[in-house]
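Structural features, examined
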Amino acid sequence: MTVHLEVADGVGTLRLDRPPMNALDVATQDRLKELAEEVTRREDVRAVVIHGGGKVFAAGADIKEMQVMDHAAMIARSRALQDSFTAVARIPKPVVAAVTGYALGGGCELALCADFRIAGENAKLGQPEILLGLIPGAGGTQRLSRLIGPSKAKDLIFTGRQVKADEALALGLVDRVVPAAEVYEQAHAWAARLAKGPAIALRAAKEAIDTGLETDIETGLAVERNWFAGLFATEDRERGMRSFVEEGPGKAKFL
């Protein structure tokens, strides 16, 4: 298998394993979708880390595989390509990308599917598809512009240039830069902390934010309002408020 799922302490790690560069071929894309759907279902997985190993996150699509595909073949494949990444983006749990080395093309698009991105000092990110006479096809034109704004996204997509970790941080493309050897450890710690939180409330927060970014503010506010009221029916809400009143803030322990 080119992607493995490892579960420990409530955290599921989706680990890319297609050396040497973790090129995202069709089999890897399909496996990502399969495992994203699995961690969505599994109650023992409360947060997720996406990791490519210590040297490279993912250097993009498998160009040799794509080169032999004609127009008709890509029409047939492009929806499945996007669906595999969308499955990751729609995991209703906190997801962090642990980015070391190259995260280019599809690799960058995969990192964009996470809620939070921790990059190593050796990271290089970019959308170089324009250099192949293409555009990003796994969500890059949409998720990148929503994350860093249209002008900055157009700069990266129009030029195909790579950015190092410090510039990626300044652009808002990544959220934290750490020594490369500490990337997975810190990503897992971020996920493990949230894995102890109220699962339904975290799901609600993620859905409200993501839906709001994709629609008008009135619709977003309606989603927020419905989730906010709905959470009053949960045991986690009762537990959290009781703990606040009896013990003070930040001491609740959720199941």
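Residues numbered from 1 in each chain as written. Predicted model: local features only at pLDDT ≥ 70, side-chain atom pairs only at ≥ 80, totals over all residues. Heavy atoms only, no water.

1. Concerning the overall build of the protein chain
Rule in force here: A helix here means a DSSP run of H or I that spans at least four residues, while a strand means a run of E at least two residues long, and both kinds are numbered starting from the N terminus. Between the two quantities, the radius of gyration covers C-alpha atoms and the globule rule is 2.2 Å times the number of residues to the power 0.38. Summary of the burial criterion: residues with accessible area below 20% of their type's maximum are buried, those above 50% are exposed, and those between are partly exposed, where the area comes from a 1.4 Å probe applied to protein chains only. Residue contacts follow a heavy-atom distance rule, with two residues in contact if any of their heavy atoms lie within 4.5 Å. With residues, only the protein chains shown are counted as cover, and all accessible areas are computed by Shrake-Rupley using a 1.4 Å probe.
From N to C terminus, the protein chain includes 11 helices and 9 strands. On C-alpha atoms alone, the protein chain measures out to a radius of gyration of 19 Å, which is about the 18 Å that the 2.2 N^0.38 rule sets for 255 residues. Principal-axis analysis of the C-alpha atoms places the extent of the protein chain at approximately 65 × 40 × 35 Å. The buried share among the 255 residues of the protein chain stands at 44%. For the protein chain, restricting intrachain contacts to residue pairs at least 6 apart in sequence, the fraction spanning at least 24 positions comes to 69%. Summed over all atoms, the accessible surface of the protein chain reaches about 13,200 Å², with 56% contributed by carbon and sulfur.

2. Considering the sheet that holds strand 4 (residues 95-99)
The line we're drawing: In short, DSSP must find at least two bridges between two strands for them to pair. Axis lines are fitted through C-alpha atoms, for helices just across the contact stretch, and the angle between N-to-C directions can take any value from 0 to 180 degrees.
Taken in spatial order, the 6 strands make up an open sheet running 1-2-3-4-6-9, and their pairing is mixed. Of all strands in the sheet, those with a lone pairing partner are strand 1 (3-8) and strand 9 (176-178), marking the two edges. Each strand of the sheet is rotated relative to its neighbour by a mean of 20°, with strand direction disregarded. Relative to strand 6 (residues 116-120), strand 4 runs parallel, the two sharing 4 bridges. Directly across from A98, in strand 6, lies its bridge partner I118.

3. Digging into the pairing of strand 2 (residues 11-16)
Defined as follows: Convention used here: a crossover is right-handed provided that the path from the first strand, over the helix, to the second strand proceeds clockwise when the strands point away from the viewer.
Counting buried positions over the 6 residues of strand 2 gives 5, a clear majority of the element. Linkage of strand 1 to strand 2, two consecutive antiparallel strands, is achieved through a turn of 2 residues, within which D9 is found at a positive phi near 55°. Sheet analysis places strand 2 next to strand 3 (residues 47-51), joined by 5 bridges and oriented parallel. The partner of V11 across the bridge, within strand 3, is A47. Considered for its hand, the β-α-β crossover made up of strand 2, helix 1 (residues 26-41) and strand 3 is right-handed.

4. Side note on the pattern of salt bridges
For clarity, the threshold we go by: Throughout this description, the term salt bridge denotes a Lys or Arg side-chain nitrogen within 4 Å of a carboxyl oxygen of Asp or Glu.
Applying the stated criterion across every chain yields a total of 12 salt bridges. Residues R42 and D44 are paired through a salt bridge, measuring 2.7 Å at the closest nitrogen-oxygen approach. For R239, the salt bridge is made with E235, and the minimal N-O distance between the two is 2.9 Å. Pair noted here: R239 and E235 are both in helix 11 (residues 235-247), with a separation of 4 residues, about one helical turn. A cluster of three or more residues bridged by salt bridges with shared partners is formed by R18, D25 and D62.

Geometric values such as these leave the question of function open.
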